[in-house]
Amino acid sequence: MHSLFDSIVPGSSFFDLLRQCRSDLLPQMPIKPEGLSQAEIRELKDAPHGTTILALRFRDGALIAGDRQATEGYQVSSRRIEKVYRADEHSAIAIAGVAGPCIEMAKLFEVELTHYEKLEGMSLSLEGKANKLSQMVKANLPMAMQGLVVIPIFVGYDVRSSEGKIFKYDVTGGRYEETDYYATGSGGKDARSTMKKLYRDRMTEDEAIAVGLEALIDAAEEDVGTGGPDFIRGVFPTVKLAARAGLQDVPETRVRELCQAIIDRRKLVERGVKGETGAGEVS
Amino acid sequence: MALPYYVSPEQMMQDKAEYARKGIARGKSIIVLEYADGMMLVAENPSASLNKISEIYDRIAFAGAGRYSEFENLRKAGIRYADLKGFAYDREDVTAKSLANAYSQTIGNIFSEAMKPLEVDILVVEVADGGGLSNELYRIAFDGSIYDEKGFAAIGGQAEELRQHLKDKYQAGLDQQAALRLATQALEAVSSAKVKPQSLEVAVLERSRTGRKFRRLSQDDLTTILTDTE
């Protein structure tokens, strides 16, 4: 530990610090220096995968949400995995891909942001945070080539421009800002289709949560990998809001009620009850 | 060419200690108090951006008196140490005790090996988070000696006078306002001058907060609390 107290340590990045002092703790450890065989890659691909995550902007900020299921091939490996993580006071990260490295990256990213904030005495700008995440995804590319793909969505409230922002990433670390909504993971396409129909500019917080849940429920209906609201076990999607007041969790009781409302309405539509249009309705 | 001459180890250590003490005595002082909701750190600091008090980890804060560049290095090293440990094990496992020991080792080594000792005294403070644990408060001196303090502690130029003052006036279970008032009075008593809110740097470790317990009190907070008490 003595070396940590020497002055030849990196600047304000925890990621760089790990690389220099404790590279064994880095998520991007090469599994085998000579690379993996096809069979080994196939086996890794069967590792638990997290599935659908989404984000959308609303009047007061940005929303980020994810279902709770992890799958291993055609099996459910966990029903209550967490894919949406608080990153700091004003931002959150959701991750789709192989569960192990995903969770590790979310944890590392959170430490990275607070580490910088403590050392420098102020937090990174939202763009700075998004760029940092991009570098971390890029550093994961060798792992991704071996099947351990990690794809995050990052949302935050930009206190400088007073608006919520969404950043999506590709496997090479490419960073793209989305203006309205985005979803990824195995049910991402279904969730995007729903949001495409329901998204409106400057929605209220309630409307945004309803649209997000509607999209997750659609993804769960169409995609085998995505878990829907589970009333028997009491497992519901995670929803977080990044707004001026900071990042807040939408309480599970509220998510449960809204899920119940969506499902009740669908039941009525299935039975063809008059006066219920269902499609296109938000709340 | 000058002849090499013999200096006894006792003499050398004494000289170093005197040098360090003189350096620290030139600086302003810092007080830590245990109060009802956690721990309060109060520093006299004319600068609003060059901090003497800082967050290290969820429940741990740091304060340094003496030469800024030196305790700033120690502060950064402490954050790195804590973040690495918390990442490798768990956030729960980062404790003030192990950090204070690491500081004590490092500062002690520098004192005995380097030509110039560090001109710093530091405090490592931890607020207990339930589970029947008690708050922890360590003072580490320029020579690496470590003291486990109870209730209150002071470092810096007038540490000894402040300790005497607090010894008479301190009581357990003060509320935030009373604790800040006591600290300000102590600072005023030893410097026999009025302490303005603008020249104070105050932070608290609040037990009731979830996650990161460190919070700085803003100038507005300080002005409100201090003017209310008068």
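Please refer to the structure placed before this passage.
The structure presented is a predicted model; accordingly, all values stated were derived computationally and were not measured. (Residues numbered from 1 in each chain as written. Chains lettered and ligands numbered in written order. Predicted model: local features only at pLDDT ≥ 70, side-chain atom pairs only at ≥ 80, totals over all residues. Heavy atoms only, no water.)

### Digging into the sheet that holds strand β8 (residues 152-155) of chain B
Residue and element names in this part refer to chain B. Taken in spatial order, the five strands of this open sheet run β8-β1-β2-β9-β10, and their pairing is antiparallel. Of all the strands in the sheet, just β8 and β10 (214-216) have a single pairing partner and so form its edges. Sheet twist, expressed as the average angle between the axes of neighbouring strands with direction ignored, equals 15°. Here strand β1 (residues 30-35) runs beside strand β2 (residues 38-44); their pairing, made up of six bridges, is antiparallel. Bridging across to β2, Ile30 finds its partner in Ala43. (Pairing = 2+ DSSP bridges. Helix = DSSP H or I, 4+ residues; strand = E, 2+ residues; numbered from the N terminus. Axes fitted to C-alpha atoms, helices over the stretch in contact; angles between N-to-C directions.)

### Focus: the environment of Tyr19 of chain B
All names here are of chain B. As for its placement among the helices and strands, Tyr19 is situated in helix α1 (residues 9-25). With 81 residues separating them in the primary sequence, Tyr19 and Ala100 have C-alpha atoms 23 Å apart. Once you skip the residues sitting within four places of it in the chain, Tyr19 turns out to touch Lys116, Pro117 and Glu119. A polar contact of 3.4 Å, which involves the side chain of Tyr19, links it to the side chain of Glu119. (Contact = heavy atoms within 4.5 Å. Polar contact = N/O pair within 3.5 Å; in protein donor to acceptor, adjacent residues only side chain to side chain.)

### Re the interface of chain B and chain A
Opposite the 21 residues of chain B that make contact, chain A presents 22 residues. Of the roughly 2100 Å² buried between chain B and chain A on both sides combined, carbon and sulfur atoms contribute 67%. For the pair chain B and chain A, the number of links is two salt bridges. One salt bridge connects Asp83 of chain B with Lys118 of chain A, and the closest N-O pair in it is separated by 3.1 Å. Counting the contacts that link chain B with chain A gives eight residue pairs in polar contact (both at pLDDT 80 or more). Here the side of chain B that touches chain A takes eleven residues from helix α2 (residues 68-88) of chain B, the largest share from any one element. (Buried area = accessible area lost by both parts, 1.4 Å probe. Salt bridge = Lys/Arg side-chain N within 4 Å of Asp/Glu carboxyl O.)

### Side note on the nonpolar core
Within the largest apolar cluster, 28 residues are counted, with the highest numbers of intra-cluster contacts made by Phe14, Leu18, Ile93, Phe109, Leu133 and Phe154 of chain A. Sorting the residues of this core by element identifies α1 (14-21), β7 (91-98), α3 (99-120), α4 (126-139), β8 (150-158) and β9 (163-169) of chain A together with α2 of chain B as the ones contributing at least two each. Of the residues forming this core, the biggest block, seven residues, is contributed by α3 of chain A. Sequence-distant contacts of Leu133 of chain A, defined by excluding residues within four places in its chain, comprise Ile93, Met105, Phe109, Pro152, Phe154 and Tyr169 of chain A. Judged by nonpolar contacts, the second largest core, of 27 residues, contains Leu54, Phe58, Tyr181 and Phe236 of chain A. (Core = buried A, V, L, I, M, F, W, Y, C linked by side-chain atoms within 4.5 Å. Buried < 20%, exposed > 50% of the residue type's maximum accessible area, 1.4 Å probe, protein only.)

### Notes on the pairing of β1 of chain B
The buried fraction of β1 of chain B is high, at five of six residues. Connecting β1 of chain B to the next strand, β2 of chain B, in antiparallel fashion are two residues.

### With respect to the sheet that holds strand β4 (residues 60-66) of chain B
The strands making up a sheet are joined through hydrogen bonds of the backbone, oriented either antiparallel or parallel. Residues and elements named next belong to chain B. With antiparallel pairing, five strands are arranged side by side in an open sheet as β3-β4-β5-β6-β7. Two strands close off the open sheet at either side, each with one partner strand: β3 (53-57) and β7 (146-148). Averaged over all pairs of adjacent strands, the angle between strand axes in this sheet comes to 20°, irrespective of strand direction. On the sheet, helix α3 (residues 96-113) packs against β3, β4, β5 (120-126), β6 (136-140) and β7 and is oriented at approximately 5° with respect to β6.

### A word on the pattern of salt bridges
Residues and elements named next belong to chain A. Under the definition given, this model contains 42 salt bridges over all chains. The salt bridge involving Asp24 is made with Arg22; its shortest N-O contact spans 3.2 Å. The exposure class of Asp24 is partly exposed, given its relative accessible area of 43%. A relative accessible area of 28% means that Arg22 is categorised as partly exposed. For Asp249, the salt bridge identified is with Lys240, shortest N-O distance 2.7 Å.

### Considerations on a nonpolar patch on the surface
Where nonpolar side chains cluster on the molecular surface, the patch consists of Tyr5, Val7 and Met12 of chain B and spans about 320 Å² of accessible area. Among the structural elements, Tyr5 of chain B can be located in the segment before α1. (Patch = residues over 30% accessible without salt bridge, like charges linked within 9 Å, V, L, I, M, F, W, Y side chains within 5 Å. Areas by Shrake-Rupley, 256 points an atom, 1.4 Å probe, with all protein chains shown as cover.)

### Here we look at α3 of chain B
For α3 of chain B, with 18 residues, the first-to-last C-alpha span of 25 Å sits near the 26 Å given by 1.5 Å per residue. All of the buried residues in α3 of chain B are Ala96, Ser98, Leu99, Ala100, Ala102, Tyr103, Ser104, Thr106, Ile107, Gly108 and Phe111 of chain B. (Expected span 1.5 Å × (residues − 1).)

### Focus: the pairing of β3 of chain B
All names here are of chain B. When you tally the buried positions in β3, you get five out of five residues, the bulk of the element. Judged from the four bridges that link them, β3 and β4 form a sheet pairing that is antiparallel. Across the sheet, Tyr57 pairs through a bridge with Ile60, a residue of β4. Hairpin geometry of β3 and β4 is characterised by an intervening segment of two residues between the two adjacent antiparallel strands.

### Quick look at the packing of α3 of chain A against α4 of chain A
All names here are of chain A. In the contact formed by α3 and α4, the axes pass within 11 Å of each other and the chain directions differ by 140°. By the angle between their directions, the pair α3 and α4 is classed as oblique. Considering the relative orientation of α3 and α4, their crossing is right-handed. Of α4, the residues touching α3 (which contributes Met105, Leu108, Phe109, Glu112 and Leu113) are Lys129, Lys132, Leu133, Met136 and Val137. (Parallel < 35°, antiparallel > 145°, perpendicular 65-115°, else oblique. Left-handed = near helix turned anticlockwise from the far one by under 90°.)

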